[in-house]
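Chain by chain, the residues:
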Amino acid sequence: MAEASNATVGSGCEEKVPERSSPESVSHYTTISRVKLLDTTVDTFLQKLVAAGSYQRFTDCYKCFYQLQPEMTQQIYDKFITQLQTSIREEISEIKEEGNLEAVLNALDTIVEEGKDRKEPAWRPSGIPEKDLRSTLVPYFLQQRDILQRRVQKQEAENRQLADAVLAGRRQVEELQLQGQAQWQAWQALHRGQKELVAMLREPE
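Residues numbered from 1 in each chain as written. Predicted model: local features only at pLDDT ≥ 70, side-chain atom pairs only at ≥ 80, totals over all residues. Heavy atoms only, no water.

Caption draft 1: Expanded view of the overall build of the protein. Per the secondary structure count, the protein includes eight helices and zero strands. What you see in the protein, going N to C, is helices and strands ordered as α-α-α-α-α-α-α-α. A total of 205 residues make up the protein; the buried ones form 6% of that total. Of the contacts formed within the protein by residues at least 6 apart in sequence, a portion of 53% connects residues at least 24 apart. (Helix = DSSP H or I, 4+ residues; strand = E, 2+ residues; numbered from the N terminus. Buried < 20%, exposed > 50% of the residue type's maximum accessible area, 1.4 Å probe, protein only. Contact = heavy atoms within 4.5 Å.)

Pasting the structure below:
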């Protein structure tokens, strides 16, 4: 009885003294990444799923087979639970890869951490949808307009360069044509001179 009373008193004292979490554990909890939270959530879900589909419930569903082959029933249950957990993890991994969830969640963590150092108040709706929509869309459209203007200016500069190159090519072609005509005329003149010289040499004295 004395030991029981002492144990009861000791347990009461232990209940009165709350456990204090160290600052390091609190800071670690506050800075835990969302990817880690997602993995922890999946693990917790699988644990609860296995608990819900316990071996006892499994044998209750297959009593006849369990009575005939208890060891085989245990093996089938273990294999079923293992494959179920594996398939769920694979599906979640595919979803994470297709949606690029790790990069998105890490980017969200970065945004949240950067937002902690901001001193200006966060945006709040004014209650006027038109005003809120305008304040959100106008900067975006102005940014897009600047981007399009820069692209147009770049394209116009490239078009001017192409036009200059085409004009330079045309001038070169015209110069080549003039040079060809001059050479042709010179060759014709030389040819006529040769004919005249041959004719003069053939004339009798």
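Caption draft 2: Expanded view of the packing of helix H3 (residues 34–52) against helix H7 (residues 101–116). Contact geometry for H3 and H7: axes closest at 8 Å, N-to-C directions at 130°. Relative to H7, H3 is oriented oblique. Residues Arg-34, Val-35 and Leu-38 of H3 lie in contact with H7, whose contacting residues are Glu-102, Leu-105, Asn-106, Leu-108, Asp-109 and Val-112. (Axes fitted to C-alpha atoms, helices over the stretch in contact; angles between N-to-C directions. Parallel < 35°, antiparallel > 145°, perpendicular 65-115°, else oblique.)

Caption draft 3: Quick peek at a negative patch on the surface. A contiguous patch of negative charge, built from Glu-90, Glu-91, Glu-94, Glu-97 and Glu-98, is present on the exposed surface. As for its position among the elements, Glu-90 is in helix H6 (residues 70–99). (Patch = residues over 30% accessible without salt bridge, like charges linked within 9 Å, V, L, I, M, F, W, Y side chains within 5 Å. Areas by Shrake-Rupley, 256 points an atom, 1.4 Å probe, with all protein chains shown as cover. Salt bridge = Lys/Arg side-chain N within 4 Å of Asp/Glu carboxyl O. Lys, Arg positive; Asp, Glu negative; His and termini not counted. Charge placed at Lys NZ, Arg CZ, Asp CG, Glu CD.)

Caption draft 4: Local environment of the side chain of Thr-73. Within the element layout of this structure, Thr-73 appears in helix H6. With relative accessibility at 1%, the residue Thr-73 sits in the buried group. Looking at Thr-73, its side chain comes within polar contact range of the main-chain oxygen of Gln-69, at 2.6 Å. When near neighbours in sequence (up to four residues on either side) are disregarded, Thr-73 contacts Tyr-55, Phe-58, Thr-59, Phe-65 and Tyr-66. (Polar contact = N/O pair within 3.5 Å; in protein donor to acceptor, adjacent residues only side chain to side chain.)

Caption draft 5: A look at a nonpolar patch on the surface. A contiguous nonpolar surface patch, about 370 Å² in accessible area, is contributed by Tyr-62, Phe-65, Met-72 and Ile-76. Note on placement: Phe-65 falls in helix H5 (residues 63–68).

Caption draft 6: Structural context of unusual backbone geometry. Backbone geometry places Asn-100, a non-glycine residue, at a positive phi of 50°. Residue placement: Asn-100 occurs in the loop between H6 and H7.

Purely geometric numbers; function is a separate question.
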